[in-house]
Amino acid sequence: MSDIDYSSLPPSDRTELGRRCQRLIGALAAVTDDPHGVTRLYLSPAHKRATGLVADWMRTAGLTASIDALGTVRGHLDAASGPGAKRLLIGSHIDTVVNAGRYDGVLGVVAGILAVDELRRRRVALPFAIDVLAFGDEEGVRFPTTLASSSAIAGRLPPGALDLCDARKVSLREALVGFGLDPAQISAAAYDPAEVLGYLEVHIEQGPVLEHERLPLGIVTSIAGQTRLKATVLGEAGHAGTAPMNLRRDALAAAAEIMVMIETIGRAGAADSLVATVGQLSVSPGAVNVVPARVDFTLDVRAASDPPRLAALAEIRARSREIADRRHVGFVMEAYHESPTTPCSPRLAAAFAAGVERLGLTPRRLTSGAGHDGHAVHHLTEVGMLFVRCRGGISHNPMEYAEPEDMALAVEALIGAIEALAASIPAA
């Protein structure tokens, strides 16, 4: 174990660590399919170049680098006790949305690599191996899949996923082959749960809570469960000048009342981190002088745990039906995506708390409203996450930004968590 007093590290040391984070993140931001912004879709040419760059960084940090059949870059560090020890997994993703920021996902991969590099520099002997993982399909932008690469390490790649196609009709199977990978080896990508100690991920918050509270780091308690739904309101078209207001079956007016009700329910669930969002809206026939006959809209509902999310959904359905009946319109709502809440491990959260506390900081616990690779890895092992403050809470946007000092603190907190886990393992 290290005898370094982390709370009193010279500012210059942290400054340099933050600069190293920034340099690596900047180098990956330059690897893009779009010269006008950061766009690095799964299995694209930019993703292939990025895997090579990350693998080089892993080797420089003392890791043995490889790539599995779904494109996950794996950097392996043996345990001090040699082969046969359990593995601690650390990672995040290097794919992006279109016109993305540079920190989402990438910070977690860079933090893992730098943490291992620092542990080796400080001659910290660990009773377990470490695998740093750079996943490739967290965003789910190119193919109608998501978390394919992290699902593969958990042995949970959905049946039929390889036959799904992107907008150019290229199947996932074809894209893997074109990337230089062998889909027949996908089963070999799965870890044996018995050999895994847990999974740690560092990620920008993608929200404003930490900045609002002037805190650099936060410990995630759960990754919010999510339901996505499509709703349709059916009324009757009519002439805007001749249809009396009291006789109208206005689909848009009914939908508007339903949406205000949805917002009210979402606001009432703040204690459970409940959020409800109508993100897409289509009005038909869409003419300035016609009473709307049909409205289609989407609804995204998330919460820190499943019971309040499911209760909110039930209330939304019931009250929507009441509004529709009172306004004499039809109403249909169907779910098309359901993702249960992923709880974070108290054991791993405690390890992160130990890492945060030895930096002289107070651990702040919060829920992740965004999805992460931990959703998939949770089927393999326990999951722990550390959030890093990001400016304005902005993410999936070129304005995305994290301070180098905050990123340095995150790497040190990750190192602290690793050492806390090592200290909890009885000597052989």
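Cut-off values and rules
Along each chain, residues carry numbers from 1 onward, in the same order as the chain's sequence is written. Reporting of local features is limited, given that this is a predicted model, to residues whose pLDDT is at least 70; pairs of side-chain atoms are given and counted only at 80 or more, and all residues count toward the totals for whole chains, interfaces and linings. Heavy atoms from the whole structure form the basis of all side-chain values; hydrogens and water molecules are not counted. Each patch is built from salt-bridge-free residues with over 30% relative accessible area, joining like charges within 9 Å and nonpolar side chains (Val, Leu, Ile, Met, Phe, Trp, Tyr) within 5 Å. In this description, accessible areas are obtained by the Shrake-Rupley approach with a 1.4 Å probe, and a residue is regarded as covered only by the protein chains that are shown. Note on definitions: salt bridges are taken to be side-chain nitrogens of Lys or Arg within 4 Å of carboxyl oxygens of Asp or Glu. Under the DSSP-based scheme used, a helix requires at least four consecutive residues in state H or I and a strand at least two consecutive residues in state E, with every element numbered from the N terminus. Burial classification: accessible surface area is computed with a 1.4 Å probe over protein chains only, and a residue below 20% of its type maximum counts as buried, one above 50% as exposed, and the rest as partly exposed. Here, nonpolar core means buried Ala, Val, Leu, Ile, Met, Phe, Trp, Tyr and Cys residues that are tied together by side-chain atoms lying within 4.5 Å of each other. By definition in these notes, contact holds between two residues if any of their heavy atoms fall within 4.5 Å. The predictor's confidence in any single residue is recorded as pLDDT, a number from 0 to 100. Working rule for helices: expected span equals 1.5 Å times residues minus one. The convention used is that axes are lines fitted to C-alpha atoms, helices contributing only their stretch in contact, and that angles between N-to-C directions extend from 0 to 180 degrees. Oblique is the label for every angle not falling under 35 degrees (roughly parallel), over 145 degrees (roughly antiparallel), or within 65 to 115 degrees (roughly perpendicular). Note: crossing handedness is left-handed where the near helix turns anticlockwise from the far helix by less than a right angle, and right-handed where it turns clockwise. Only Asp, Glu, Lys and Arg are considered charged in this grouping, and only Ala, Val, Leu, Ile, Met, Phe, Trp, Tyr, Cys and Pro are considered nonpolar; every other residue, Gly among them, is considered polar. Two rings belonging to Phe, Tyr or Trp (six-membered ring only in the last case) form a pair when the distance between their centres is within 6.5 Å. Interplanar angles under 30 degrees mark stacking, angles over 60 mark edge-to-face geometry, and anything in between is tilted. Ring-over charges, as used throughout, are those where CZ of Arg or NZ of Lys falls within 6 Å of the ring centre and within 35 degrees of the ring normal.

Q: Got a minute to help me understand a nonpolar patch on the surface in this structure?
A: A cluster of nonpolar side chains, namely L252, L281 and V283, defines an oily patch on the protein surface of about 220 Å² accessible area. The topology assignment puts L281 in strand β10 (residues 281-284).

Q: Could you clarify how one ought to interpret unusual backbone geometry in this entry?
A: Backbone geometry follows two general trends: most residues other than glycine have a negative phi, and most peptide bonds adopt the trans configuration. Going from S284 to P285, the amide bond is cis rather than trans, its omega being 5°. Looking at the element boundaries, P285 is found in the loop between β10 and β11 (290-291). One non-glycine residue, R123, lies in positive phi territory at about 55°. By the element assignment, R123 lies in the loop between α3 (106-121) and β4 (129-135). Given a relative accessible area of 76%, R123 falls into the exposed group. Of note, L147 is a non-glycine position whose phi angle comes to about 65°, a positive value. Position of L147 among the secondary structure elements: in the loop between β4 and α4 (148-153). Taking the relative accessible area as the measure of exposure, L147 reaches 12% and is therefore buried.

Q: For this particular structure, what's the right way to read the nonpolar core?
A: What tends to happen in soluble globular proteins is that the nonpolar side chains get buried as a cluster. One finds V54, I130, L200 and I418 to be the most contacted residues of the largest nonpolar core, which totals 67 residues. If one sorts the elements of this core by residue count, helix α11 (residues 404-424) sits on top with 12 residues. Core analysis: the next-biggest nonpolar cluster, separate from the first, contains 24 residues, F297, L299, A303 and L313 among them.

Q: How should I be thinking about the environment of G198 in this particular structure?
A: Looking at where G198 falls in the secondary structure, it is placed in strand β5 (residues 196-204). Those residues in contact with G198 that sit more than four places away from it in its chain are R87, L88, L89, L348, T381 and E382.

Q: Teacher, can you tell me more about the environment of A376 here?
A: In this structure, A376 sits in helix α10 (residues 374-377). Since its relative accessible area comes to 3%, A376 is described here as buried.

Q: Looking at this model, I keep getting lost on the confidence of the model for the chain. Mind explaining?
A: Low pLDDT marks regions whose predicted coordinates should not be analysed in detail. Predicted confidence across the chain gives a mean pLDDT of 94, with 97% of residues reaching 70 or more. Within the model, the stretch residues 1-11 combines pLDDT values under 50 with 20 contacts to residues more than four positions away or in other chains.

Q: Explain the side chain of D68 to me, please; I cannot follow it from the model alone.
A: Structurally, the position occupied by D68 is in the loop between β1 (64-67) and β2 (73-77). When sequence neighbours within four positions are dropped, the list of residues in contact with D68 reads R74, I153, L181 and A189.

Q: Just checking my understanding: could you explain α11 for this structure?
A: Along an α-helix, residues three or four apart share an orientation, since each turn contains 3.6 residues. The end-to-end C-alpha separation of α11 is 30 Å, in line with the 30 Å expected for 21 residues at 1.5 Å each. By the criterion of burial, α11 is predominantly enclosed, with 16 of the 21 residues buried.

Q: How do you make sense of the pattern of salt bridges when you look at a structure like this?
A: Per the counting criterion, the structure on display carries 27 salt bridges. Across the pair R364 and E213 runs a salt bridge whose closest N-O atoms are separated by 2.8 Å. Of this pair, R364 sits in the loop between α9 (346-357) and β15 (365-368) while E213 sits in the loop between α6 (209-212) and β6 (217-223); the two residues are 151 residues apart in sequence, bridging distant segments of the chain. If you follow the salt bridges from partner to partner, you end up with R20, D117, E118, R121, R122 and E412 in one network.

Q: What is the right way to look at the packing of α3 against α11 in this model?
A: Describing two packed helices takes the angle between their axes plus the distance from one axis to the other. Running from N to C, α3 and α11 cross one another at 60°; their axes reach a closest spacing of 9 Å. One finds that α3 runs oblique with respect to α11. Two packed elements cross with a definite hand, and for α3 against α11 that hand is right-handed. Here L107, A111, G112, L114, A115, E118 and L119 of α3 lie close against α11, whose contacting residues are M407, V411, L414, I415, I418 and E419. The residue inventory of the contact of α3 with α11, partitioned by class, reads 10 nonpolar, one polar and two charged.

Q: Hey, could you run me through the packing of aromatic side chains in this one?
A: How two aromatic rings sit relative to each other is given by the distance of their centres and the angle of their planes. Within this structure, the stated rule accounts for three aromatic pairs. Their ring planes at 80° and their centres at 6.4 Å tell us that Y42 and F143 sit as a pair that is edge-to-face. Of this pair, Y42 sits in the loop between α1 (11-29) and α2 (45-60) while F143 is found in the loop between β4 and α4, placing the two residues 101 residues apart along the sequence. An identical accessibility class is assigned to Y42 and F143; each is buried. The ring of F179 carries the charged tip of K48 above its face, separated from the ring centre by 4.8 Å.

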